[in-house]
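Observations on the model geometry
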Amino acid sequence: MTSGIDDTITTHTVTLRDIDVTYTRAGHGPAVVLVHGLAEDHQSWHTVQETGLAATTYAYDLRGHGQTTVGSPEGTLAQLRDDLLTFLEEISGPAICVGFSLGGTVVLAAAAQRPDLLTKVVALGTSSVVGRGAASFYAGRIQLFRGTDTAAQQEALHADTAAALHNPASDVDAVTRARLAAVGDGRGYVNASTAMAALVDAPLTPELSEIGPGVDVAIIGADHDTFCPKKAADIILGAIEHATYAEISGAGHLMLVDQPEQSIALLQRTLDL
């Protein structure tokens, strides 16, 4: 199924593995696959796709997010990783992969497993391990979104969104509405949160050494990111010796919302297309 959004971005749905995956495609040139964060969907990359990169960009909805079905969720990073690898094998071909937060962790896991399919990795606001405090946070959100108290869910996601923003000009309410729409019935959110919570006892970090110098790795942080602070980037940089680091100023975790122009300019320089 294909439907046009505008002259340059089209929306597609395809069956991959046990799920129906919705994604948008734009532009022409080398393949760039964009992987969103927790409680987001492909629309979080819309400003990137409409900038006219010299690339063919693909932004897909993760399992149970946005318009992608949840299938048989396993609550593992490995399943989300394999969803991406299947997308690379069957839709885009080998590609530069750009991931934000949860998406960055998925991209790094994919590069460690199949470096032949990822020509370059860009991870924004990303962690390869979570602490006990973060694991407790995920546990609370998992319990909440398994329930039926939609008012409490909305309140929690609004609070989380506010905490992930730093720029006072950012519209917390509008971003929260978009994230609630992306979460839908909550099953994909619970699935991905379960996968991330598992990193407290089984970090991805040891696997990162499998990403050799043949795959360029760029880590991007934000100076006011309290969810994935610089120490999270330092852990990744310590595990991947050839990785580079750059930072966005005046932004919290949701850097593309807080500082869209700066974020896109840095992303364009990093992609070097």
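Scope of this entry: the structure provided in the associated data block. (Residues numbered from 1 in each chain as written. Predicted model: local features only at pLDDT ≥ 70, side-chain atom pairs only at ≥ 80, totals over all residues. Heavy atoms only, no water.)

This paragraph deals with the overall build of the chain. Within the chain one finds 10 helices and 9 strands. Taking 273 residues into account, the globule formula puts the C-alpha radius of gyration at 19 Å, and the chain, at 17 Å, falls close to it. Each of the three principal axes of the chain carries a C-alpha extent, and together these read 45 × 45 × 40 Å. Taking as baseline every contact in the chain between residues at least 6 positions apart, the subset at least 24 positions apart corresponds to 72%. When the accessible surface of the chain is split by element, carbon and sulfur atoms take 51% of a total near 11,300 Å². (Helix = DSSP H or I, 4+ residues; strand = E, 2+ residues; numbered from the N terminus. Rg over C-alpha atoms; globule rule 2.2 N^0.38 Å. Contact = heavy atoms within 4.5 Å. Areas by Shrake-Rupley, 256 points an atom, 1.4 Å probe, with all protein chains shown as cover.)

On to the packing of aromatic side chains, then. A complete count under the given rule lists 6 aromatic pairs for this structure. Each ring, one from Tyr-60 and one from Phe-87, has its centre 5.0 Å from the other, and the planes form 20°; the classification is stacked. Residue Tyr-60 is located in strand E5 (residues 56-60), and its partner Phe-87 is located in helix H2 (residues 77-92); the two are separated by 27 residues in the primary sequence. With respect to class, Tyr-60 is no different from Phe-87; both count as buried. When the centroid spacing of 5.7 Å and the interplanar angle of 65° are considered together, the rings of Phe-137 and Tyr-138 count as edge-to-face. An aromatic cluster is defined as three or more aromatic residues linked by ring pairs; in this entry it consists of Tyr-23, Tyr-58, Tyr-60 and Phe-87. The side chain of Lys-230 reaches across the aromatic face of Tyr-245, ending 4.7 Å from its centre. (Phe/Tyr/Trp six-rings, centres within 6.5 Å; stacked < 30°, edge-to-face > 60°. Buried < 20%, exposed > 50% of the residue type's maximum accessible area, 1.4 Å probe, protein only. Lys NZ or Arg CZ within 6 Å of the ring centre and 35° of its normal.)

Bringing helix H8 (residues 230-239) into the picture now. Residues of H8 that are buried: Ala-232, Ala-233, Ile-236 and Leu-237. Around the axis of H8, the buried residues are gathered within 135° of arc, so they sit on the same side. Within H8, the exposed residues directed more than 90 degrees away from the buried face are Lys-231 and Gly-238. In this structure, the buried side of H8 is in contact with helix H3 (102-113), strand E8 (216-222) and strand E9 (244-248). (Arc of directions from axis to C-beta.)

In this section: unusual backbone geometry. Not every positive phi belongs to a glycine, and Arg-17 is a case in point at roughly 55°. Looking at where Arg-17 falls in the secondary structure, it is placed in the loop between strand E2 (9-16) and strand E3 (19-26). Of note, the phi angle at Ser-101 is positive, near 55°, even though the residue is not glycine. Looking at the element boundaries, Ser-101 is found in the loop between strand E6 (95-100) and H3.

Of the voids in this model, the largest pocket is the one considered here, and its volume is about 570 Å³. At the level of secondary structure, the elements contributing two or more residues to the lining of the largest pocket comprise H3, helix H4 (132-146), helix H5 (150-163), helix H7 (187-197) and H8. Ranked by the residues each element gives to the lining of the largest pocket, the list is headed by H4, at 4 residues. Of the residues that constitute the lining of the largest pocket, the class distribution is 19 nonpolar, 9 polar and 4 charged. Looking at the second largest pocket, its volume works out to about 380 Å³. (1 Å grid on protein atoms, 1.4 Å probe; cavity = no way out; pocket = protein on both sides within 12 Å on 5 of 7 lines; lining within 4 Å. Points joined across faces, edges and corners; volume = space filled by probe spheres on them. Nonpolar A, V, L, I, M, F, W, Y, C, P; charged D, E, K, R; others polar.)

In this section: the side chain of Ser-263. The residue Ser-263 is located in helix H10 (residues 260-271) in this model. Aside from chain neighbours lying at most four places away, what touches Ser-263 is Ile-248, Met-255 and Leu-256.

Moving on, we get to the packing of H2 against H3. To characterise two packed helices, one gives the angle between the axes of the helices and the distance between these axes. It is the contact of H2 with H3, at a shortest axis distance of 9 Å, that shows an interaxial angle of 75°. Regarding the angle of H2 to H3, the classification is roughly perpendicular. Residues Leu-77, Leu-80, Arg-81, Leu-84 and Leu-85 of H2 form the contact with H3, whose participating residues are Leu-102, Thr-105, Val-106, Val-107, Ala-109, Ala-110 and Gln-113. (Axes fitted to C-alpha atoms, helices over the stretch in contact; angles between N-to-C directions. Parallel < 35°, antiparallel > 145°, perpendicular 65-115°, else oblique.)

It is worth spelling out the pairing of E3 at this point. Where burial is concerned, most of E3 is hidden: 6 out of the 8 residues are buried. As paired strands, E2 and E3 are joined by 8 bridges and run antiparallel to one another. Pairing of Thr-10 across the sheet is with Arg-25, part of E3. Taking the residues between adjacent antiparallel strands as the criterion, E2 and E3 are bridged by 2 residues, where Arg-17 takes a positive phi near 55°. (Pairing = 2+ DSSP bridges.)

Right, let's talk about the nonpolar core for a bit. Counting residues in each nonpolar core, the largest one holds 58 residues, and the members touching the most others are Val-33, Tyr-60, Leu-84, Leu-88, Leu-108, Leu-118 and Ile-211. Of all the elements, H3 adds the most residues to this core, at 8 residues. Listed in part, the 27 residues of the second largest apolar core include Leu-34, Val-122, Ala-164 and Leu-271. (Core = buried A, V, L, I, M, F, W, Y, C linked by side-chain atoms within 4.5 Å.)

Secondary-structure assignment places Thr-105 in helix H3. Leave out the neighbours within four places in its chain, and Thr-105 touches Leu-77, Thr-126, Ser-127, Met-196, Leu-199 and Leu-204.

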